[in-house]
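Structural description and commentary
What follows is the residue order along each chain.
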Amino acid sequence: MAVSPLLPQTKERIISVHGTVTEILYALQVSPLLIAVDSTSSYPKEARSLPVVGYQRTLTTEGILSFKPTKVIGLDTAGPTQTIQNLKETGIQVTLFPDEYNLDTPINRVLAVGKLLGKNKEAESLANQIRTQTQSLQLKKTNVKVMFLYSRNPSSVFISGSGTAAHAMITLSGAKNAITEFSEYKPLTSEALVKSNPDIILMPESSAEGFGGTNAIWSINGIELTRAGKEKNIILVDDLLLLGFGPRLPQALKILNEKWKQIE
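In short, a report on the structure. (Residues numbered from 1 in each chain as written. Predicted model: local features only at pLDDT ≥ 70, side-chain atom pairs only at ≥ 80, totals over all residues. Heavy atoms only, no water.)

A short note on helix H12 (residues 249-263)
With 15 residues, H12 should cover 21 Å at 1.5 Å per step; its first-to-last C-alpha distance of 22 Å lies within 8% of that length. Those residues of H12 lying buried are Leu249, Pro250, Ala252, Leu253, Leu256, Asn257, Trp260 and Ile263. Viewed along the axis of H12, the buried residues span an arc of 160°, placing them on a single side of the element. (Helix = DSSP H or I, 4+ residues; strand = E, 2+ residues; numbered from the N terminus. Expected span 1.5 Å × (residues − 1). Buried < 20%, exposed > 50% of the residue type's maximum accessible area, 1.4 Å probe, protein only. Arc of directions from axis to C-beta.)

Considerations on the nonpolar core
Counting residues in each nonpolar core, the largest one holds 24 residues, and the members touching the most others are Leu25, Leu28 and Leu117. Taken together, the elements giving at least two residues each to this core come down to helix H1 (19-27), strand E2 (34-37), strand E3 (71-75), helix H4 (105-116) and helix H5 (120-135). With 23 residues, the next largest nonpolar core counts Phe148, Ala166, Ala168 and Leu256 among its residues. (Core = buried A, V, L, I, M, F, W, Y, C linked by side-chain atoms within 4.5 Å.)

Some words on the pattern of salt bridges
Oppositely charged side chains are able to pair whenever their charged atoms sit close together. For the structure shown, the criterion picks out seven salt bridges. Its salt-bridge partner being Lys140, residue Glu264 comes within 3.2 Å of it at the nearest N-O pair. Of the two residues, Glu264 sits in the segment after H12 while Lys140 sits in the loop between H5 and strand E5 (145-153), which places them 124 residues apart along the sequence. Judged by its relative accessible area of 44%, Lys140 falls in the partly exposed class. (Salt bridge = Lys/Arg side-chain N within 4 Å of Asp/Glu carboxyl O.)

Side note on the sheet that holds E2
Strand order in this open sheet of four strands is E2-E1-E3-E4, and the pairing throughout is parallel. The open sheet terminates on both sides in strands that have one partner only, identified here as E2 and strand E4 (93-97). Taken over all neighbouring pairs, the strand axes of this sheet differ in orientation by 20° on average, direction set aside. In this structure, strand E1 (residues 14-16) lies alongside E2, joined through three bridges in parallel fashion. Residue pairing across strands places Ile14 opposite Leu34, the latter belonging to E2. Sitting on the sheet, H4 touches E3 and E4, and the angle it makes with E4 is about 165°. (Pairing = 2+ DSSP bridges. Axes fitted to C-alpha atoms, helices over the stretch in contact; angles between N-to-C directions. Contact = heavy atoms within 4.5 Å.)

Side note on the pairing of strand E9 (residues 200-204)
Within E9, five of the five residues are buried, which leaves it mostly tucked inside the rest of the structure. Of the two faces of E9, the one lined by Ile200, Leu202 and Pro204 and the one lined by Ile201 and Met203 are each fully buried. Of the strand pairs in this sheet, E9 and strand E10 (residues 234-237) are connected by four bridges, and their pairing is parallel. Across the sheet, the residue bridging to Met203 is Leu236, located in E10.

Brief notes about the packing of aromatic side chains
Applying the stated criterion to the full structure yields two aromatic pairs. Plain terms: the ring middles of Tyr101 and Phe245 are 5.7 Å apart, the flat faces sit at 55° to each other, and that makes the pair tilted. Here the residue Tyr101 occupies a position in the loop between E4 and H4, and Phe245 occupies one in the loop between helix H11 (239-243) and H12, the gap between them amounting to 144 residues. Tyr101 gets classed as partly exposed once you look at its relative accessible area, which sits at 30%. One cation-aromatic arrangement involves Arg248 over Tyr43; the distance from NZ or CZ to the ring centre is 3.6 Å. (Phe/Tyr/Trp six-rings, centres within 6.5 Å; stacked < 30°, edge-to-face > 60°. Lys NZ or Arg CZ within 6 Å of the ring centre and 35° of its normal.)

Structure representation (C-alpha cells):
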C-alpha cells in the first residue's frame, strides 16, 4: 500500500529515540512533526530544544505515552524490550531500524525513514548526496593502531573490540583497531593497554568530558608506555558524528583519515 505524503495539517506526533533518526528527520524537513527526542539527539542544535524522553536504551512507557505520540522511530538498540512491547500494544506505530555499521547504512536509513513518512523524493535526493560524498572520499589505508575508549566516569572505562560502531569507523577510515582479541566492549586494563600499544586514542567528546579532560586520560595506568601516551596522540569527535552512521558519515571518515595520516 502506498504511503501518502505527510501534509502540514497532519496529526502525526513523532518521537525519535535515536540521534541519527532525529538528524535524518531534520534533513528531510519533517522536524515540525517531532514532539520529543531521546538524549542522544544532539544534532542539529535545534533538536536540543525539544523535550527529552530519556536515553534510548532505558526508555519508560509512561515517559513516552505522556507525549501522546502516533509514531516512535529509532534503532533496534532502543529498549528495554518490555517498554517497546508496551508501546506497540497501545497501538502506537513503533519502527526500529537495524543498528548496522557500513558505508551504505546512512543511505539505507534515509531511504527507510523517507518511505515511512512519505518523503521518498526528499530521501532519494539526500541519499544521492551521501552516495556522491562517499564515492568521492580518497581514504588512505594506514598501519596506525587506534584504541577507542568509552567512559561515563573515570572509574568505568571501556575499550572497543570488533563488532562495534567504533571498530567500523576505525577500519572504514583506513586505520586498524588496536584491540583484536575480542568483540564488543570490555573494561580497560593496563595489561591490554600496554600490550596493544595504540598509536592514538579515539574518544567521543562526551566521554572525554566525563573523564575529566585529556589530562586525566594521560594519567591512566600504563598509558605512558604506549606511543599514544608518549606523544599525547588523541582525537576527540562529537559522539553522534563519530558513532551515529548518519548523513554525516563521509565527513566523519574524512576527519579521521586525515588524523591518521598526520601521525603515521
